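Summary of the model geometry
In case you want the letters, here they are:
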Amino acid sequence: MPKIKIDGFQLFCMMVIFMFGSNLLLDIGKSAKQDVWIVNLLSTLIGCLLYFMYTSLFKKYPDLPMTGYLRKIWGKYIGGAFSFCYIIYFIYLASRVLRDFEELLISSTYRRTSLITLGICMILVLIYGVHLGVEAFARVACLCFAIIIISLLILNIMFVLGGYTRLENLQPVLGNGWGLVWKELIPTGITVPFGELITFTMILPYLNKKSSAVKVGLFAIIIGGVSLTLNSILLLSVLGPEAVLRSNFPALTAVSYINIADFFERLDTFILVLMIILGFIKISIFFFCAIIGAADLFQMKPSPMFIYLVGGVIFISSIMIAPSYQAHINEGLKVVPYLLHLPFLIGIPILLLLTVYIKQKLKPAAVS
Amino acid sequence: MRIGRSLKRAKEKPTTDGTLLCEVSENVKRLMKELGHSSDLSVRMIESPHQKSVKAAVIHLDGLADGNIINENIVNPLIQWFKENNQTLTEMEERASHILTVSQVTVKESWQEFLSAVLTGDTVVLLNGSTKAFIASTKSQPSRAITEPTSQTVIRGPKDSFTENLRTNTSLIRARIQNPDVRLESLKVGSVTQTDIGIMYIQGIADESIVEEVKERVKGIDIDGVLESNYIEELIRDDSATIFPLLLNTERPDAVVGNLLEGRVAIIIQGTPFVLIVPAIFSQFFQSPEDYYQNQYISSFLRMLRFGAFFLSMYASAVYLALVTHHQGLIPTTLLVSLMGQRENVPFPAVVEILVMEMAFEILREAGIRMPRAIGPAVSIVGALILGQAAVEAGFVGAAVVIIVAISAISSFTLPNTSLVNVTRGIRFMLIFISAFIGLYGILLFTLCIWLHMSSLRSIGVPYFTPFAPFRLKEQRGVFFRFPLPSLLKKSSRK
């Protein structure tokens, strides 16, 4: 179906950045205290399983985005209704992440700027990016990937060489038992960011070598998961579990500790730059998914008008989604995972897969 | 004014096709009429002393054809021949091409070809009673001497540059590659000007599909006149809504040869010393031919310096503005105190300061290009004094702003290609506005926009932003470093 192609490396970059997205910033699972990294490690494993599930559906219909095979499997009306829900879901996720980044900017440097101004600037760039298409975006993602990896390396080296890490912050391992770990793991740990990889089922049809989807994806998940784990270990050892728990943006807090030779200081801008890039990529991917899905569902070309419209919706809902940052975070940790993430990221795909298997079982029986 | 206005008269005129007439005087009359009795049309009638009806007309456009050749190799032999012989028409037709002692004689019968031969500077001999036109090549277009390049200078390296004459330019290239695989294909573009365009490439090295694509696009151009290579550039590039140069232009023959050897295609246009090279990628604009004429380490350093200067020239003023207006916390305290001390006496906001200085510099620059040579020093003295010291002392701008603007201006001149300098100017102003509005966040978002934009660009089908996007790490080394020739040669022979 799509003529535009992306290659395996571009997919890899997009996936890794996508996983870094909110996690690097919010350090999800932080209420597991010093065992955050265990949560991260375990969720990486579960993420691999989830990705297996998504790709096994993709392998059945390699030329269709998820909204496409939803209708193939469940029929025009039920499938169509669910596709529509997915599009709304993607738009909702995009606006949630957008709100995250607006809040980050406000709490760090733009204290006196309104959410609206920051949001408009971001959404304009997003609209432009989506307007140019997946191909240009995938190329930029690679560029961003290189920048992010290099900067993270430099930052982490600074943490270690600057002597800010105290490994005793990690102890005792599993001091609170497995209970907290499980509570964090299910549902937030597995849904964000690994469950969110379901977005890539919308982008996989653009891949030039369809067979590499599984390999590249798993590789990306493992690399991404391990780096997230390392990152959370580092943050923990710098800040300690209590500070991580209290801070809204642990990465920002940790970086502001750095002061080497009175010259390398105030690096929080540095991490802010990274965050904006990460956020840009992550929101773009959700945005793309919404557009691709809608184009597929309504059988139309993604016209500029439509992109502006969806962009506008994302922007406005990012403002209206919650009255304050605390409410936003609460919603994100307590409501969204159960009501939205679990059914959309795990429930529906499992049901889809089951339907496909049952259909396959039934079909030969009907023939013979 | 000169573009796009279709010449109505030319289109309403009866078509000039048809063949030549038998009668010489009729042909001459028709030619006179079609050229509107132009005063530079020269017609020399030669009659045989033996026979009244045997005569010939020697026709050329004064100034375009070489007068000496016409006198000695066309008119003189014809007169001698008429004097000595008394021949029939058919004999004359057969013998005529032997009589004209010029390098190339072609025989044509169509009126159109006859006309275009006259207009390009060839000399045409018409015989009375014959419908054939003997076209002797006597082109000698006025051209200036080969001089040193003016916009792309080097310290060590060839000092010649292209001229306005297509033939001179192709000969400069040919002289450097003595290889039978060099191909030159000629086209005419411009429905009124009929400008000669040469497409040059090396068979076997250049990508066939790109050569075809270039030819196709050049042929498809529909315009009245082509006065400079930019006309072609704008008409054949892939994306018209961009500030970035999608085709490389150069006035250095060695640069063209280097690019031909790498498999690119050169488009040479009559009337301009700037040759286009396609396909061009972004990183090429940072390479000077001199990189290969001097020590590899120095070259690598200079290449990276140019990249740094490119960013500095775009971002210096915007980042300064962002720091001073939005992110004072990021400036080390001692520096901040001194900066604010300077700004104390300045009545304007920082953005006005920066914009005033940048505009003043742009004005100086433009004045420097347009003004007559003799006034040059005056302008530079006034500019330097007023914009530097005096502006600071008068309290219009802070000293730091002068420094920042000077850095961003000077950095842009390290770039080997002027098209890229213009890019930095455009982007610099956009960044200043955005930075004034929302600080570093805006600068970053705009950078993302530029990346997105550049990634979507293509030059004759080749992604413009390679090897950065699409990301090819191995090729990127060659962008920042100039590798020693032995390793470069090994690589190309392996291919």
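This one's a predicted model, so the numbers in the text were calculated from it and none came from an experiment.

Next up on the list: the sheet that holds strand E1 (residues 41-47) of chain B. Residues and elements named next belong to chain B. Judged by pairing direction, the sheet is antiparallel, and its five strands sit side by side in the order E1-E2-E4-E5-E3 without closing on themselves. Single-partner strands in this sheet number two, and they are E1 and strand E3 (105-108). Going from strand to strand, the sheet's axes swing by 20 degrees on average, the running direction of each strand aside. Both E1 and strand E2 (residues 55-61) contribute to a ladder of seven bridges, which runs antiparallel. Following the sheet pairing, Ile46 is matched in E2 by Ala56. On top of the sheet, helix H4 (residues 89-99) reaches E3, strand E4 (123-127) and strand E5 (133-136); it is set at about 160 degrees to E4, its chief contact.

All names here are of chain A. Contact pair helix H3 (residues 66-108) / helix H11 (residues 268-297): the axes reach a minimum separation of 8 Å and the direction vectors enclose 160 degrees. If you check the angle between H3 and H11, you find them roughly antiparallel. The handedness of the crossing between H3 and H11 comes out as left-handed. Looking at side-chain class alone, the contact of H3 with H11 contains 21 nonpolar, seven polar and three charged residues.

This paragraph deals with the nonpolar core. Formed by 206 residues in total, the largest nonpolar core has its most connected members in A:Ile17, A:Ala94, A:Ala141, A:Phe287, A:Ala290 and B:Ile267. Two domains each donate at least three residues to this core, and these are domain 2 (166-280) and domain 3 (294-477) of chain B. The contact partners of A:Ala141, leaving out residues within four places of it in the chain, are A:Gln10, A:Cys13, A:Met14, A:Ile17 and A:Ile281. Grouped together as the second largest cluster of nonpolar side chains are 28 residues, B:Ile69, B:Phe82, B:Ala96 and B:Ala117 included.

Right, let's talk about the interface of chain B and chain A for a bit. On the chain A side, the residues contacting the 20 residues of chain B number 23 residues. Class assignment of the residues belonging to the side of chain B that touches chain A gives a composition of 15 nonpolar, five polar and no charged.

This part is about the domain arrangement of chain B. Residue and element names in this part refer to chain B. Here the domain parsing of chain B yields domain 1 (8-136), domain 2 (166-280) and domain 3 (294-477). Averaged C-alpha coordinates put domain 2 and domain 3 at centres separated by 32 Å. With 15 residues of domain 2 at the interface, the matching set in domain 3 holds 13 residues. The element that contributes the greatest number of residues to the side of domain 2 that touches domain 3 is helix H7 (residues 208-219), accounting for three residues.

Before going further, it helps to spend a moment on the confidence of the model for chain B. Residues and elements named next belong to chain B. For chain B, the average pLDDT comes to 84, and 95% of its residues sit at 70 or higher. No element of chain B has a lower mean pLDDT than helix H1 (residues 8-12), which averages 46, and none a higher one than strand E9 (residues 265-269), which averages 94. For the stretch residues 1-15, pLDDT sits under 50, and the model shows eleven contacts to residues farther than four places along the chain or on other chains. Confidence estimates for the predicted assembly give a pTM of 0.87 and an ipTM of 0.89.

Rules and cut-offs
Residues numbered from 1 in each chain as written. Chains lettered and ligands numbered in written order. Predicted model: local features only at pLDDT ≥ 70, side-chain atom pairs only at ≥ 80, totals over all residues. Pairing = 2+ DSSP bridges. Helix = DSSP H or I, 4+ residues; strand = E, 2+ residues; numbered from the N terminus. Axes fitted to C-alpha atoms, helices over the stretch in contact; angles between N-to-C directions. Contact = placed C-beta atoms within 7 Å. Parallel < 35°, antiparallel > 145°, perpendicular 65-115°, else oblique. Left-handed = near helix turned anticlockwise from the far one by under 90°. Nonpolar A, V, L, I, M, F, W, Y, C, P; charged D, E, K, R; others polar. Core = buried A, V, L, I, M, F, W, Y, C linked by C-beta atoms within 7 Å. Buried ≥ 20, exposed ≤ 12 C-beta atoms within 10 Å, placed from the backbone. Domains from an automatic or database assignment. pLDDT = per-residue confidence, 0-100.

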